[in-house]
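Coordinates in review
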Amino acid sequence: MSNLHKVSVAALVTNEEGKILLVNSPWRGWEYPGGLIEPGETFEEALHREVREESGVEIEITGFVGICKNVGLDIVNIDFTAKYAGGRLATSEESTEVGWFTEEEAFEMITFPLTKKRLTNMLEGSKNAHLFCFRRDPFAVVEDQEYPLGMGGK
C-alpha cells in the first residue's frame, strides 16, 4: 500500500462586481478553477497556473479556506479565495465554457455535491479553516470540522 497522496488546489475567484468565476469541466460540470499540483510546484504556483490554464484569468490570492480529503482515492484538496487581477476569459481542454456568475447562479449551476459543499465553505468568509473528509460514490461527508485560523484568539 502506498502512502502517497495526490494534492490539488482550487480557488473561489471573484471580480470587482462580486461575481464568481466558474469553468465548465467536461468531467464534473460547472466548478471553480483548480487542479493537481505538479512536481516541484508550490501551492501558490499551482493555483496561479491552474486558474490561468482553465480560465485565462490572473489572480491575487486573498485567503485560505480549508482542506478536504477523498478517503477512497487519497486526494487532498486545498481551497483558497482569490480576486481577479487581469486577463481575458478563455476556454481550454479542461474547460468548455468560462464565465462570471452571481452567487445564486453558481449554486444553481454547480450540481456535483462535493463542489457544492466546498463552494459553501468558500463563501462563508469565516475566521475558521474547514477540514473535512468524504467518500465519493455515493458522496458522503465522513468527518467535518472547523478550526480557528492562527492562534485561535490566544
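Anyway, here's the lowdown on the structure attached to this text. (Residues numbered from 1 in each chain as written. Predicted model: local features only at pLDDT ≥ 70, side-chain atom pairs only at ≥ 80, totals over all residues. Heavy atoms only, no water.)

**Brief notes about the nonpolar core**
- Judged by nonpolar contacts, the single largest core of 15 residues is most densely connected at Val9, Val13, Leu21, Leu47, Val51 and Ile59.
- At four residues, the largest contribution of residues to this core is made by strand E6 (residues 75-87).
- Core analysis: the next-biggest nonpolar cluster, separate from the first, contains 12 residues, Leu12, Ile20, Tyr32 and Ile110 among them. (Core = buried A, V, L, I, M, F, W, Y, C linked by side-chain atoms within 4.5 Å. Buried < 20%, exposed > 50% of the residue type's maximum accessible area, 1.4 Å probe, protein only. Helix = DSSP H or I, 4+ residues; strand = E, 2+ residues; numbered from the N terminus.)

**A short note on a negative patch on the surface**
- Taken together, the side chains of Glu103, Glu104, Glu105 and Glu108 make up a negatively charged region of the molecular surface.
- Looking at the element boundaries, Glu104 is found in helix H2 (residues 103-109).
- For Glu104, a relative accessible area of 54% puts it in the exposed group. (Patch = residues over 30% accessible without salt bridge, like charges linked within 9 Å, V, L, I, M, F, W, Y side chains within 5 Å. Areas by Shrake-Rupley, 256 points an atom, 1.4 Å probe, with all protein chains shown as cover. Salt bridge = Lys/Arg side-chain N within 4 Å of Asp/Glu carboxyl O. Lys, Arg positive; Asp, Glu negative; His and termini not counted. Charge placed at Lys NZ, Arg CZ, Asp CG, Glu CD.)

**Looking at unusual backbone geometry**
- Cis geometry is found at the peptide bond from Asp137 to Pro138, where omega equals -5 degrees.
- On the secondary structure map, Pro138 appears in the loop between strand E8 (128-135) and strand E9 (140-148).

**What about the environment of Gly63?**
- Its location among the elements puts Gly63 in strand E5 (residues 57-70).
- As for Gly63 and Ile20, which are separated by 43 residues in sequence, their C-alpha atoms are 15 Å apart.
- Not counting the four nearest positions on each side in its chain, Gly63 is found in contact with Phe80 and Thr81. (Contact = heavy atoms within 4.5 Å.)

**Here we look at helix H1 (residues 43-55)**
- Here H1 spans 18 Å end to end across 13 residues, near enough to the 18 Å set by a 1.5 Å rise per residue.
- Listed as buried for H1 are Ala46, Leu47, His48, Arg49, Glu50, Val51, Glu54 and Ser55.
- Those residues of H1 hidden inside the fold are in contact with strand E1 (6-14), strand E2 (20-25), strand E4 (34-36), E5, E6 and strand E7 (97-101).
- Looking at the residues trailing H1, positive phi occurs at Gly56, about 85 degrees. (Expected span 1.5 Å × (residues − 1).)

**A few points about the side chain of Ser55**
- On the secondary structure map, Ser55 appears in helix H1.
- Reaching out from Ser55, the side chain makes a polar contact with the backbone oxygen of Val51 at a distance of 2.6 Å.
- Of note is the side chain of Ser55, whose polar atom sits 3.2 Å from the backbone nitrogen of Val57.
- Setting aside chain neighbours within four positions, we find Ser55 in contact with Leu21, Val23, Arg88, Leu89, Ala90 and Val98. (Polar contact = N/O pair within 3.5 Å; in protein donor to acceptor, adjacent residues only side chain to side chain.)

**Let's talk about the packing of aromatic side chains**
- Here the structure, examined in full by the defined rule, presents five aromatic pairs.
- Members of the aromatic cluster, each reached through a chain of ring pairs, are Phe132, Phe134 and Phe139. (Phe/Tyr/Trp six-rings, centres within 6.5 Å; stacked < 30°, edge-to-face > 60°.)

**Digging into the pairing of E1**
- In the sheet, E1 pairs with E6 via nine bridges, with the strands oriented parallel. Bridge pairing in E6 places Ala11 opposite Phe80.
- As paired strands, E1 and E4 are joined by three bridges and run antiparallel to one another. Counted as the bridge partner of Val9 is Gly35 from E4. (Pairing = 2+ DSSP bridges.)

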